[in-house]
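Chain residues, written in single-letter form:
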Amino acid sequence: MMTTTLDDETDPVLLRRCAAGDAQAFRTLTRRYDLELRAYCRRFSRDPHDAQDLLQEVLIKAWRHCAGFDGRSSVRTWLYRIVVNTAIDHHRRSLRRPVPVAEPAWEMPSQSPESEVIDREELGRRCGRSPSTTAPW
């Protein structure tokens, strides 16, 4: 009697098993497309860490929605569509994320009224005038 392993199953059969909660079937399925999915995620994100995050989100979505696979396309096409949609979502979220503004490396001088008076008095002394005759600017 010949036994079949998960590696011998077709993609649609593995997806049906995934929909029934078979995690081993999902691992087998994702292992088949691992290199292709990684490369596809890298096309959308040149940063390796962001591409890895994208891939993880894609795999989570595939696991959660495997029961929704209707067989109108190949499993490869279905997985790639999840990658594209997830990458678009990431891009939209990045557009809404506020850009951090760096703090200036220097501090603005204090513009309190007291500092203006002191500066005017000092200017008057340096110019040889008394503070009372210094212009009020």
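Let me begin by describing the structure that accompanies this report. Because the structure is predicted, anything quoted here is derived from the model rather than measured. (Residues numbered from 1 in each chain as written. Predicted model: local features only at pLDDT ≥ 70, side-chain atom pairs only at ≥ 80, totals over all residues. Heavy atoms only, no water.)

Things to note about the overall build of the chain
Logical step 1: When helices and strands are tallied, the chain shows five helices and zero strands.
Logical step 2: Mapped in sequence order, the helices and strands of the chain form the string α-α-α-α-α.
Logical step 3: The buried share of the chain, reckoned over its 137 residues, is 25%.
Logical step 4: In the chain, the proportion of contacts linking residues at least 24 apart, taken out of those at least 6 apart, comes to 50%. (Helix = DSSP H or I, 4+ residues; strand = E, 2+ residues; numbered from the N terminus. Buried < 20%, exposed > 50% of the residue type's maximum accessible area, 1.4 Å probe, protein only. Contact = heavy atoms within 4.5 Å.)

Section: the packing of aromatic side chains
Logical step 1: Counted by the stated rule, this structure contains four aromatic pairs.
Logical step 2: Geometrically, the ring pair formed by F26 and W63 is edge-to-face, given 5.2 Å between the ring centres and 70° between the ring planes. Of this pair, F26 sits in helix 2 (residues 23–44) while W63 sits in helix 3 (residues 48–64), and the two are 37 residues apart along the sequence.
Logical step 3: Aromatic rings pair up to connect Y40, F44 and Y80 into one cluster. (Phe/Tyr/Trp six-rings, centres within 6.5 Å; stacked < 30°, edge-to-face > 60°.)

A closer look at the side chain of S45
Logical step 1: Along the chain, S45 turns up in the loop between helix 2 and helix 3.
Logical step 2: Those residues in contact with S45 that sit more than four places away from it in its chain are D50 and A51.

Things to note about helix 1 (residues 11–19)
Logical step 1: Considered for burial, the residues of helix 1 that qualify are D11, L14, L15 and C18. One side of helix 1 carries all its buried residues, which in axial view fall inside an arc of 100°.
Logical step 2: Taken together, the buried residues of helix 1 touch helix 2, helix 3 and helix 4 (75–96).
Logical step 3: Among the residues trailing helix 1, G21 stands out with phi positive, at a value near 100°. (Arc of directions from axis to C-beta.)

Things to note about the nonpolar core
Logical step 1: One finds L15, L37, V75, W78 and L79 to be the most contacted residues of the largest nonpolar core, which totals 26 residues.
Logical step 2: Examining the composition of this core, we find that eight residues originate from one element, helix 4, more than from any other.
Logical step 3: The contact partners of L79, leaving out residues within four places of it in the chain, are Y33, L37, V58 and A62. (Core = buried A, V, L, I, M, F, W, Y, C linked by side-chain atoms within 4.5 Å.)

Some words on the side chain of D11
Logical step 1: Within the secondary structure, D11 is located in helix 1.
Logical step 2: Within polar-contact distance, the side chain of D11 engages the side chain of R32 at 2.5 Å.
Logical step 3: Excluding its chain neighbours within four sequence positions, the residues that come into contact with D11 are L29, R32, Y33 and V75. (Polar contact = N/O pair within 3.5 Å; in protein donor to acceptor, adjacent residues only side chain to side chain.)

Here we look at the packing of helix 3 against helix 4
Logical step 1: Contact pair helix 3 / helix 4: the axes reach a minimum separation of 9 Å and the direction vectors enclose 125°. When the axis of helix 3 is compared with that of helix 4, the two are oblique. Every pair of crossing elements has a handedness; the one defined by helix 3 and helix 4 is right-handed. Seen from helix 3, the contacting residues are L54, E57, V58, K61 and A62; seen from helix 4, they are W78, L79, I82, V83, T86, A87, D89, H90 and R93.
Logical step 2: For the contact of helix 3 with helix 4, the per-class residue count stands at eight nonpolar, two polar and four charged. (Axes fitted to C-alpha atoms, helices over the stretch in contact; angles between N-to-C directions. Parallel < 35°, antiparallel > 145°, perpendicular 65-115°, else oblique. Left-handed = near helix turned anticlockwise from the far one by under 90°. Nonpolar A, V, L, I, M, F, W, Y, C, P; charged D, E, K, R; others polar.)

Observations regarding the layout of surface pockets
Logical step 1: Taken as a whole, the largest pocket spans an internal volume of roughly 220 Å³.
Logical step 2: What lines the largest pocket is a set of 11 residues, among which S45, D50, A87, H90 and H91 lie closest to the centre.
Logical step 3: Of all the elements in the fold, those that place two or more residues in the lining of the largest pocket are helix 3 and helix 4.
Logical step 4: It is helix 4 that provides the largest number of residues to the lining of the largest pocket, a total of five residues.
Logical step 5: The class makeup of the residues in the lining of the largest pocket is three nonpolar, four polar and four charged. (1 Å grid on protein atoms, 1.4 Å probe; cavity = no way out; pocket = protein on both sides within 12 Å on 5 of 7 lines; lining within 4 Å. Points joined across faces, edges and corners; volume = space filled by probe spheres on them.)

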